[in-house]
Amino acid sequence: MLSNMSNKIAVVGCGAAVEKLYVPHLQQKLRDKVSLIFVDQDINRAKLYAKKFSGSYASSITMAYKNGAEGAIIATPHPSHLELAKEALSNQMHVLVEKPATVDAGEAMELVSIAASSEASVSVNHSRRLFPSFGYVKKIIDNKTYGTVKSISIIDGSPFSWPTVSGFYLTSEKAKGVLLDRGSHMLDILCWWLSNDEFDIVSSSHDGFNGPESNFKLSLKSSSKVNIEYSLSRLFKLKNEIIISMDLVDIRVKLFSWNELEIRKLGGSWKKITLTPDGKKVIEYEEFVGKLVDNFIEVLNGHKKPIAGIEDVLPSISLISRAYEMAKPFELEWYSDWVDNG
């Protein structure tokens, strides 16, 4: 249950994520619980959002703090997350930051250290941890309901269609590509499912060459000997499913069918399991973000801990960093021949 206290929150970055994911919940569900201060490097855009969504505006997080903000929701391009989060933490403001929390492991460890010495916390929008299907799989794995996990195959892809305001996904070198952006969701889930494991990278390859990659293939082996294959794309629509093979069953989870999954005994046929938390048959994606925002309000008021804190997501960010460090270009015959004949 949400606190009865009223909070001022700085909403940093007046772009698509704020308008599509955060403001609707903050305005419709928490109208009497919060007041919003919009912050953007384009002050005119901050003024526009303040007028549009009945809030106020500020030129920086520090100015928002001076105007009474106790927390900051950071929904800016991810290369800016570290510095903005540090500014908020220096003012003892709690932070909810979009994924990926940082662009690499070094930045993430710095943020973990700063948060640990601060009176404030850093929550990360890894909303897929709240998917009923993913939570169900987590329980099965933790309880060894069907034995141990043998292998996991993840196929994840669709054409990029996010209505980005800045276009940083394709213009910023630090933005990297599909693994850091889209892949941060599923690698967080993988590290959450196999939370006691460490991961060796068997192979890592992409099509980025000297720019942001659009396709990535990653092969891993966990310390509990789970073989993992992950293929992802932001050019093509793929199956968007996960197959988890265990001792006694296979489990199939569709990435965006968060209310259901399928299980089959070895040699049997698939049987669907429908999950209806709170009696609801349909849950919109925005509701999961809303739950994270609700949690953030409780964190502000000292009632709860973050659902996914920066220290919780450090393993997946570290894994992404190692994958990039080891990555090689895809083997493309026409390109290989050209390089070899140089």
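Let us look at the structure shown here. What you are looking at is a predicted structure, and each value in this text was computed from that prediction instead of being measured. In this convention, every chain numbers its residues from 1, walking through the sequence in written order. Only residues with pLDDT of 70 or above have their local features reported here, since the model is predicted, and side-chain atom pairs are shown and tallied only from 80 upward, although totals for entire chains, interfaces and linings are computed over all residues. In computing side-chain properties, one takes all heavy atoms of the structure into account and sets aside hydrogens as well as water.

What follows concerns the side chain of Ser205. On the secondary structure map, Ser205 appears in strand 8 (residues 199-206). Residue class for Ser205 comes out buried when judged on its relative accessible area of 18%. The contact criterion used is simple: two residues touch if any of their non-hydrogen atoms lie within 4.5 Å. Ignoring sequence-local partners within four residues, the contact set of Ser205 consists of Asn215, Phe216, Lys217, Lys328, Pro329 and Phe330. Runs of H or I in DSSP of at least four residues are treated as helices and runs of E of at least two as strands, each being numbered from the N terminus. Per-residue accessibility, obtained with a 1.4 Å probe over protein chains only, is compared with the maximum for each type, and a residue is labelled buried under 20%, exposed over 50%, and partly exposed between these values.

Glancing now at the pairing of strand 2 (residues 34-39). A regular strand carries its side chains on alternate faces of the sheet. With five of six residues buried, strand 2 is to be regarded as a mostly interior element. Note: two strands are recorded as paired if DSSP finds a minimum of 2 bridges between them. In this structure, strand 1 (residues 7-12) lies alongside strand 2, joined through six bridges in parallel fashion. By the bridge assignment, Ala10 is partnered in strand 2 with Ile37. Following the backbone out of strand 1, through helix 1 (residues 16-28) and into the adjacent parallel strand 2, one traces a crossover that is right-handed. Alignment of strand 2 against strand 3 (residues 56-58), held across three bridges, turns out to be parallel. The residue of strand 3 that forms the bridge with Val39 is Ala58. This β-α-β element, strand 2 to helix 2 (residues 43-52) to strand 3, shows right-handed connectivity. Classification remark: right-handed applies to a crossover when, strands pointing away from the viewer, the course from the first strand over the helix to the second runs clockwise.

Residues enter a nonpolar core if they are buried and are Ala, Val, Leu, Ile, Met, Phe, Trp, Tyr or Cys, with the set joined through side-chain atoms within 4.5 Å. Among the nonpolar cores identified, the biggest contains 45 residues, and Ile152, Trp193, Ile242 and Ile244 are the most heavily contacted of them. The greatest single-element share of this core, amounting to seven residues, is contributed by helix 9 (residues 183-193). Beyond its immediate stretch of four places on either side in the chain, Trp193 contacts Phe134, Val137, Lys138, Ile141, Asp142, Ile242 and Ile244. Within the second largest apolar cluster, 30 residues are counted, among which are Ala10, Ala69, Leu84 and Val122.

Below, the discussion takes up the packing of aromatic side chains. Working definition: a ring pair exists when centres of Phe, Tyr or Trp rings (six-membered ring for Trp) sit within 6.5 Å. Plane angles under 30 degrees give stacked, over 60 give edge-to-face, the rest tilted. Applying the stated rule across the entire model yields eleven aromatic pairs. Pairing Phe131 with Trp258 gives two aromatic rings, centres 5.1 Å apart and planes at 50°, and the pair type is tilted. Taken together, the positions of Phe131 in the loop between strand 6 (122-124) and helix 6 (132-143) and Trp258 in the loop between strand 12 (249-254) and strand 13 (260-265) put the pair 127 residues apart, joining distant regions of the chain. With a relative accessible area of 1%, Phe131 lands in the buried category.

Our next topic: the sheet that holds strand 4 (residues 71-74). What the six strands build is an open sheet, ordered 3-2-1-4-5-6; its pairing is parallel. Each of the sheet's edge strands pairs with one partner strand only, and the pair in question is strand 3 and strand 6. Each strand of the sheet is rotated relative to its neighbour by a mean of 25°, with strand direction disregarded. Here strand 4 pairs with strand 5 (residues 94-97) via four bridges, running parallel. In the strand pairing of strand 5, Ile73 is matched with Leu96. Contacting strand 1, strand 2, strand 4 and strand 5, helix 1 runs over the sheet at an angle of about 155° to strand 2. Every axis in this analysis is a line fitted to C-alpha atoms, fitted for helices over the stretch in contact. Angles between the N-to-C directions lie between 0 and 180 degrees.

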